[in-house]
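# Report on the structure
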Amino acid sequence: MLELKNISFDVDADGQNKEIVRGVDLVIPDEKLVVVTGPNGGGKSTLARLIMGIEKPTSGRIYLNGEDITDASITERAKKGIGFAFQTPVRFKGLQVLDLIRIAAGKRLSPASACEYLAAVGLCAKDYIDREVNSSLSGGELKRIEIATVLARGSVLSVFDEPEAGIDLWSFQNLIHVFERMREEISGSSILIISHQERILNIADEVIVLKDGRIAEQGDREKILPDLIGTASAVRDCRVLEMPERSGQTC
Amino acid sequence: MLKPKKMDEIQKRLLMEIAGLHEVPEGAYNIRSNGKAIGRSSTANIDIESKDDGTGLDIRIKPGTKKESVHIPVVLTQSGLSEVVYNDFYVGEDADVVIVAGCGIDNCGTANSQHDGIHRFFVGKGARVKYVEKHYGSGDGTGKRILNPVTEVYMEENSSMEMEMVQIKGVDDTDRMTKAELAAGAALVVRERLMTHGEQRAISAYVVDLNGDGSSADVVSRSVARDDSYQKFDAKLVGSAACSGHTECDSIIMDNGRILAVPGLEANSVDAALVHEAAIGKIAGDQIIKLMTLGLSEAEAEEQIINGFLK
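Residues numbered from 1 in each chain as written. Chains lettered and ligands numbered in written order. Predicted model: local features only at pLDDT ≥ 70, side-chain atom pairs only at ≥ 80, totals over all residues. Heavy atoms only, no water.

### Topic: the packing of aromatic side chains
The description of an aromatic ring pair uses the distance of the two centres, along with the angle that the planes make with each other. What counts here: In this analysis, rings of Phe, Tyr and Trp, with Trp reduced to its six-membered ring, are considered paired at centre separations within 6.5 Å, and the interplanar angle assigns stacked below 30 degrees, edge-to-face beyond 60, and tilted for intermediate values. Runs of H or I in DSSP of at least four residues are treated as helices and runs of E of at least two as strands, each being numbered from the N terminus. Burial classes: relative accessible area under 20% of the type maximum marks a residue as buried, over 50% as exposed, and values in between as partly exposed (1.4 Å probe, protein chains only).
Evaluated as defined, the whole model comprises seven aromatic pairs over all chains. On the basis of an interplanar angle of 80° and a centroid distance of 4.9 Å, the ring pair of phenylalanine 160 of chain A and phenylalanine 179 of chain A is categorised as edge-to-face. With phenylalanine 160 of chain A in strand E7 (residues 157-161) and phenylalanine 179 of chain A in helix H7 (residues 169-184), this residue pair connects regions lying 19 residues apart in the sequence. Taking 5.3 Å as the distance between ring centres and 15° as the angle between the ring planes, the aromatic pair formed by phenylalanine 122 of chain B and tyrosine 154 of chain B counts as stacked. Of this pair, phenylalanine 122 of chain B sits in strand E9 (residues 113-123) while tyrosine 154 of chain B sits in strand E12 (residues 150-155); the two residues are 32 residues apart in sequence, bridging distant segments of the chain. Taking relative accessible area as the criterion, tyrosine 154 of chain B reaches 27% and is therefore assigned partly exposed. Taken together, the ring pairs connect Phe89, Phe121 and Tyr131 of chain B into an aromatic cluster.

Printed below as a string of structure tokens:
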């Protein structure tokens, strides 16, 4: 269980103090899939980065299973079981997909075992395992590899920052299946997704609406979602940002 | 005093670093240690002989020789030794061979140790050569470890050569010059990987003359400059026919390292297509953060990024 107590985060913008997150109290219960939605600029991604330790809160405390991790580094949080998928996956010259999955797993996985994580995100493993994680991969491919690294960590809490951003429609549909499967196998862990896609909100146990850095609404999906449909917090169609890529399932 | 002809542990370790050899290799070889050949073997197709004036080796590979290898590693463990060696490789038509060279210096003394290897390759029509050259230095003496290799490649019609040049550790000073002349249809691929640290200095210059129609060159250097080290990459392609050339310098700079990349393209034919790319920058912060979210410390993340980059 992850608990945020009165978390605030300010930045200095052009000499002016700007509050990005304001006094957020939040609990991600065990074995729940929680989706944080809300308008752009509402502080969603910042909240995710505060949980991973990429940003440090101006005030407030963060607890993982009762342990105060507010001052823990990114590395320490990763070792305590928090996983994080970036909105824009990072590219590496020279590092191969297999290297990245091995680092994520924390052990020298056999290529066959590493391939299972790629298959789980709908990539034909043998086509990708030796590829460099560089700009030769499309946005959708990088995104799925990013998610495979989070799967390989076997995290207690997996955080996904806008997994739908920058991918094509085909990849998005595949992504929904990945999250549905993660939801089915959630035993012993929990999932936090930052998203305003209706199809992702549809598989949530709980929905949180973050607006102007504050929690505007919070509760079970059945209670929250109906009022969000048709607003910017529950978008129906995926943005098609690139040409559909070829199917990864025809190996 | 010269070491005995049997290899000691330091010599064996150097040999492992530069040529991946535990013991004497298969195929043709010449192992040079502290200025003297301590082992040599020719095969039916590959002949290794000392030059008459004793300045180096002539390596002759018969036309049509397939899937054979030549190893000519050099190790220096004697502080203060300075040598210049001329090795000439004559690769017969349609041969297909792997040539592994390289030099390892272990200097525990106070005097500089230096090996300047001048390698010339005469690659016959249709021949294919893969050439691997690794440089490595070790030893905690104050004497410098200096390597100044000169490589000249003369490629006949439709021959191809792939050169892998690696210098990752321990060489204090390097001034490398590589020249190539390509006839019609010849293809040259160079992959250079370089890391400098401490006060090291490395200069790598290329001049590739694309003289024949259909010739091509692809020269790519990936390098990392750490601490107070300095690197200069100077690659010049000269296109004098309907040819294609690409050169790329991709560098990571760390600490107080300095890198100078000098692009050079010269087109003497309207049908020459030449491209140069150069990029120098520090490790991207988001790369380190990503690997930290996978459980690595900052230092471990840097190491993984550099290892991948230089792979």
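The rest of the description comes next.
### Brief notes about a negative patch on the surface
Filter applied, for reference: Patch membership is restricted to residues that have no salt bridge and whose relative accessible area is over 30%. Joining uses 9 Å for like charges and 5 Å for the nonpolar side chains Val, Leu, Ile, Met, Phe, Trp and Tyr. Here the accessible surface of atoms and residues is derived via Shrake-Rupley with a 1.4 Å probe, and residues count as covered only by protein chains that are part of the display. Here a salt bridge means any side-chain nitrogen of Lys or Arg lying within 4 Å of a carboxyl oxygen belonging to Asp or Glu. When charges are counted, Lys and Arg contribute as positive and Asp and Glu as negative, whereas His and the chain ends are disregarded. Charge coordinates come from a single atom per side chain, which is NZ of Lys, CZ of Arg, CG of Asp or CD of Glu.
A cluster of acidic side chains, namely Asp47, Glu49, Asp52 and Asp53 of chain B, defines a negative patch on the protein surface. Here aspartate 53 of chain B is to be found in the loop between strand E3 (46-50) and strand E4 (56-61).

### What about helix H3 (residues 97-105) of chain A?
The cut-off we apply is this: Contacts between residues were defined by any pair of non-hydrogen atoms, one from each residue, lying within 4.5 Å.
Of all the nine residues making up H3 of chain A, eight are buried; the element is thus mostly covered by neighbouring parts of the structure. Along H3 of chain A, the residues classified as buried are Val97, Leu98, Asp99, Leu100, Ile101, Arg102, Ile103 and Ala104 of chain A. Structurally, H3 of chain A contributes buried residues whose contacts are with helix H4 (111-120), helix H5 (125-128) and helix H6 (139-153) of chain A together with helix H2 (285-293) and helix H3 (298-309) of chain B. Glycine 106 of chain A occupies a position one or two residues after H3 of chain A and carries a positive phi of about 75°.

### Section: helix H9 (residues 221-228) of chain A
Counting along an α-helix, one turn takes 3.6 residues, and residues three or four places apart therefore face a common direction. Residue and element names in this part refer to chain A. Note the following rule: Taken from the helix axis, the directions to the C-beta atoms give the arc we talk about.
Listed as buried for H9 are Ile224, Leu225 and Leu228. All buried residues of H9 fall inside an arc of 95° around its axis, so they share one side. Among the exposed residues of H9, those pointing more than 90 degrees away from its buried face are Glu222, Lys223, Pro226 and Asp227. In this structure, the buried residues of H9 make contact with strand E3 (33-37), helix H8 (198-201), strand E9 (206-211) and strand E10 (214-220). Where H9 ends, the next residue or the one after it, glycine 230, has phi of about 90°, a positive value.

### Regarding the state of the cysteines
Which entries qualify depends on this criterion: A pair of sulfur atoms, both from cysteines and within 2.5 Å, is called a disulfide here.
A full pass over the atoms with the stated rule returns zero disulfides over all chains. For the unlinked cysteine cysteine 108 of chain B, the closest cysteine sulfur is that of cysteine 103 of chain B, found at 15 Å.

### Points about the packing of H6 of chain A against H7 of chain A
Residues and elements named next belong to chain A. Formally: Geometry is summarised by axes, namely lines fitted to C-alpha atoms with helices restricted to the contacting stretch, and by angles between N-to-C directions that run from 0 to 180 degrees. Roughly parallel here means an angle under 35 degrees, roughly antiparallel means over 145, roughly perpendicular means 65 to 115, and every remaining angle is called oblique.
Following both chains from N to C, one finds H6 and H7 inclined at 10°, their axes separated by 10 Å at the closest point. Classified by the angle their axes make, H6 and H7 are roughly parallel. In contact with Gly140, Arg144, Ile147 and Leu151 of H6, H7 contributes Trp170, Ser171, Asn174, Leu175, Val178, Phe179 and Met182.

### What about the pairing of strand E15 (residues 187-196) of chain B?
Residue and element names in this part refer to chain B. Put simply, the rule reads: Here, any two strands with at least 2 DSSP bridges between them count as paired.
Among the 10 residues of E15, seven are classified as buried, and the element is accordingly described as predominantly covered. As defined by bridge partners, strand E13 (residues 160-169) adjoins E15 across eight bridges and the pair is classed as parallel. Bridge pairing in E15 links glutamate 162 to valine 189. In terms of strand pairing, E15 meets strand E17 (residues 216-225) through 10 bridges, oriented parallel. Bridge assignment links arginine 191 to a residue of E17, and that residue is valine 220.

### Things to note about the nonpolar core
Grouped burial of nonpolar side chains is what soluble globular proteins tend to show. The condition that has to hold: Put simply, buried Ala, Val, Leu, Ile, Met, Phe, Trp, Tyr and Cys residues joined by side-chain atoms within 4.5 Å make one nonpolar core.
One finds Leu2, Ile82, Leu118 and Phe160 of chain A together with Leu291 of chain B to be the most contacted residues of the largest nonpolar core, which totals 97 residues. The residues touching isoleucine 82 of chain A, leaving out its near neighbours within four places in the chain, are Leu2, Ile51, Met52, Leu64, Ile69, Arg77, Ser155, Leu157 and Val159 of chain A together with Thr293 of chain B.

### Side note on the pattern of salt bridges
Residue and element names in this part refer to chain B. On inspection of all chains with the given rule, the structure shows 28 salt bridges over all chains. Of the charged contacts in the structure, one is a salt bridge between glutamate 164 and arginine 193, with a shortest N-O distance of 2.4 Å. Taken as a pair, glutamate 164 in strand E13 and arginine 193 in strand E15 lie far apart in primary sequence, 29 residues in all. By relative accessible area, arginine 193 is classed as buried at 17%. The shortest N-O distance in the salt bridge between arginine 191 and aspartate 218 comes to 2.9 Å. Taken together, the residues arginine 191 in strand E15 and aspartate 218 in strand E17 connect sequence positions 27 residues apart.

### Things to note about the sheet that holds E7 of chain A
All names here are of chain A. Spatial ordering of the open sheet is given by E6-E7-E8-E3-E9-E10, a layout of six strands whose pairing is mixed. The sheet is open, and its two borders are formed by strand E6 (82-85) and E10, each paired with just one other strand. Along the sheet, successive strands turn relative to each other by an average axial angle of 15°, direction set aside. By the bridge criterion, four bridges tie E3 to E9 in an arrangement that is parallel. Bridge pairing links valine 34 to glutamate 206 in E9.

### Some thoughts on the sheet that holds strand E4 (residues 59-64) of chain A
Residues and elements named next belong to chain A. Read from one edge to the other, the open sheet built from four strands follows the order E2-E1-E4-E5, with strand pairing classed as antiparallel. At either end of the open sheet lies a strand with only one pairing partner, and these are strand E2 (16-28) and strand E5 (67-68). Where strand E1 (residues 2-13) meets E4, five bridges bridge the pair, whose relative direction is antiparallel. When the sheet's bridge partners are listed, serine 8 is paired in E4 with serine 59.

### Quick word on the confidence of the model for chain B
Close reading of the predicted structure is inappropriate where its pLDDT is low. To be explicit about the condition: The predictor attaches a confidence to each residue, and that confidence, scored 0 to 100, is pLDDT.
Across chain B, the average pLDDT comes to 90, with 97% of residues at or above 70. At the level of individual helices and strands, chain B shows its lowest average pLDDT in helix H1 (residues 9-19) of chain B, which scores 77, and its highest in E12 of chain B, which scores 97.

### Points about the interface of chain B and chain A
In plain terms, the rule: Take the accessible area each of two parts loses on contact, using a 1.4 Å probe, and add the two losses: that sum is the buried area.
Listed by partner, the interface residues are 18 residues for chain B and 24 residues for chain A. For the pairing of chain B and chain A, the buried interface totals around 1800 Å² over both sides, and the portion due to carbon and sulfur atoms is 64%. Among the residues chain B hides against chain A, the three largest losses belong to Lys290, Thr293 and Leu294 of chain B. Together they make up 34% of the total. Counting across the chain B and chain A interface gives four salt bridges. Two residues, glutamate 146 of chain A and lysine 290 of chain B, come together in a salt bridge whose shortest N-O distance is 3.2 Å.

### Some points on the domain arrangement of chain B
Residue and element names in this part refer to chain B. Heads up, the rule is: For the domain bounds, the source is a domain assignment made automatically or taken from a database.
For chain B, the assigned domains read domain 1 (1-155) and domain 2 (172-284). The gap between the C-alpha centroids of domain 1 and domain 2 is 24 Å. Tallying the contact residues gives 15 residues for domain 1 and 15 residues for domain 2. For the pair domain 1 and domain 2, the two sides together bury roughly 1200 Å², of which 43% comes from carbon and sulfur.

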